[in-house]
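Structural overview
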Amino acid sequence: MPQIPQTLHELTVGQLSARSGAAVSALHFYEAKGLISSRRTSGNQRRYSRDALRRVAFVRAAQRVGIPLATIREALAELPEERTPNRDDWARLSHAWRSELDDRITQLHRLRDHLTDCIGCGCLSLETCVLSNPDDINGEKISGSRLMPERKGADRAPASREPAKSVEGCC
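The sections below set out a description of the structure shown in this document. (Residues numbered from 1 in each chain as written. Predicted model: local features only at pLDDT ≥ 70, side-chain atom pairs only at ≥ 80, totals over all residues. Heavy atoms only, no water.)

1. Comments concerning the overall build of the protein chain
From N to C terminus, the protein chain includes 6 helices and 3 strands. Listing the helices and strands of the protein chain from first to last along the sequence gives β-α-α-β-β-α-α-α-α. Buried residues in the protein chain amount to 24% of all 171 residues. Of the contacts formed within the protein chain by residues at least 6 apart in sequence, a portion of 50% connects residues at least 24 apart. Total accessible area on the protein chain is roughly 11,700 Å²; 51% of this is exposed by carbon and sulfur atoms. (Helix = DSSP H or I, 4+ residues; strand = E, 2+ residues; numbered from the N terminus. Buried < 20%, exposed > 50% of the residue type's maximum accessible area, 1.4 Å probe, protein only. Contact = heavy atoms within 4.5 Å. Areas by Shrake-Rupley, 256 points an atom, 1.4 Å probe, with all protein chains shown as cover.)

The following block contains the structure:
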């Protein structure tokens, strides 16, 4: 890992990439999303202050635990500009994110535990399907047969097979 002299107060994007382990394209993306910032030289090159190293580490750690970038940006916005996030910052923010992570863990456990319930049928439109209709939410809102909403980008059923048409008509 290249060493950067302590007397150097600004880093090029290449130096920041090498030290942080983040690809240059990721750093540009982080900057576009407002997670880190740079200044431009007279030659229009980016220069990052040294605190960007800690900010990138902060972003990557939060991403690894599943925190959305928008939430990370909000958290970083609470810190004074040019200040390196420290252990206390991480402790405070990670504590705030704990309930969100606990909810996700619960959802993932539920998904894992019920994954095979509908897969045998293949339609994912059962009235009480724990995957597409957890806790029969649709049953509380509407009655009777309904087409389940089609997900954007989902593959269509082959022409030789007829897709499931209704909640009650499957299996």
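2. Side note on the pattern of salt bridges
Applying the stated criterion across every chain yields a total of 6 salt bridges. Each of Glu-78, Asp-89 and Arg-92 takes part in salt bridges that share partners, so that together they form one network. (Salt bridge = Lys/Arg side-chain N within 4 Å of Asp/Glu carboxyl O.)

3. Looking at the nonpolar core
Counting 23 residues, the largest nonpolar core has Leu-16, Leu-27 and Ile-72 as its most contacted members. In terms of residues, this core owes the most to one element, helix α3 (residues 51-64), which gives 6 residues. What Leu-27 contacts, discounting residues up to four positions off in sequence, is Val-13, Leu-16, Ser-17, Ser-20, Ala-22, Ile-36, Tyr-48 and Val-56. (Core = buried A, V, L, I, M, F, W, Y, C linked by side-chain atoms within 4.5 Å.)

4. Some details on the packing of aromatic side chains
Summed over all chains, the structure comprises 3 aromatic pairs. Residues Phe-58 and Trp-90 carry aromatic rings whose centres are separated by 5.2 Å and whose planes lie at 90° to one another, so their mutual orientation is edge-to-face. Placement of the pair is Phe-58 in helix α3 and Trp-90 in helix α5 (residues 87-119), with a sequence separation of 32 residues. On the basis of relative accessible area, Trp-90 is assigned to the partly exposed category, the value being 29%. Residues Trp-90 and Trp-97 carry aromatic rings whose centres are separated by 5.9 Å and whose planes lie at 80° to one another, so their mutual orientation is edge-to-face. By relative accessible area, which is 6% here, Trp-97 ends up buried. Joined through ring pairs, the aromatic side chains of Phe-58, Trp-90 and Trp-97 make up one cluster. (Phe/Tyr/Trp six-rings, centres within 6.5 Å; stacked < 30°, edge-to-face > 60°.)

5. A short note on a nonpolar patch on the surface
A contiguous nonpolar patch, built from Leu-108, Leu-111 and Leu-115 and spanning about 270 Å² of accessible area, is present on the exposed surface. Among the structural elements, Leu-111 can be located in helix α5. (Patch = residues over 30% accessible without salt bridge, like charges linked within 9 Å, V, L, I, M, F, W, Y side chains within 5 Å.)

6. A short note on unusual backbone geometry
We note that Asn-44 has phi near 65°; this positive angle belongs to a residue other than glycine. Within the fold, Asn-44 resides in the loop between β2 (39-40) and β3 (46-49). We classify Asn-44 as exposed; its relative accessible area is 51%.

7. Topic: the sheet that holds strand β1 (residues 10-11)
The strands that make up a sheet are held in pairs by hydrogen bonds between backbone atoms, and each pair lies either parallel or antiparallel. The sheet built from 3 strands is open, its strands ordered β1-β3-β2 with antiparallel pairing. For this open sheet the edge positions go to β1 and β2, each flanked by a neighbour on one side alone. (Pairing = 2+ DSSP bridges.)

8. With respect to the pairing of β3
Judged from the 2 bridges that link them, β1 and β3 form a sheet pairing that is antiparallel. Looking at the pairing, Glu-10 lines up with Ser-49 of β3. Of the pairings in the sheet, the one linking β2 to β3 comprises 2 bridges and is antiparallel in character. Paired with Arg-40 across the bridge in β3 is Arg-46. Where β2 folds back onto β3 in an antiparallel hairpin, the turn is made up of 5 residues, including Asn-44, whose phi is positive at roughly 65°.

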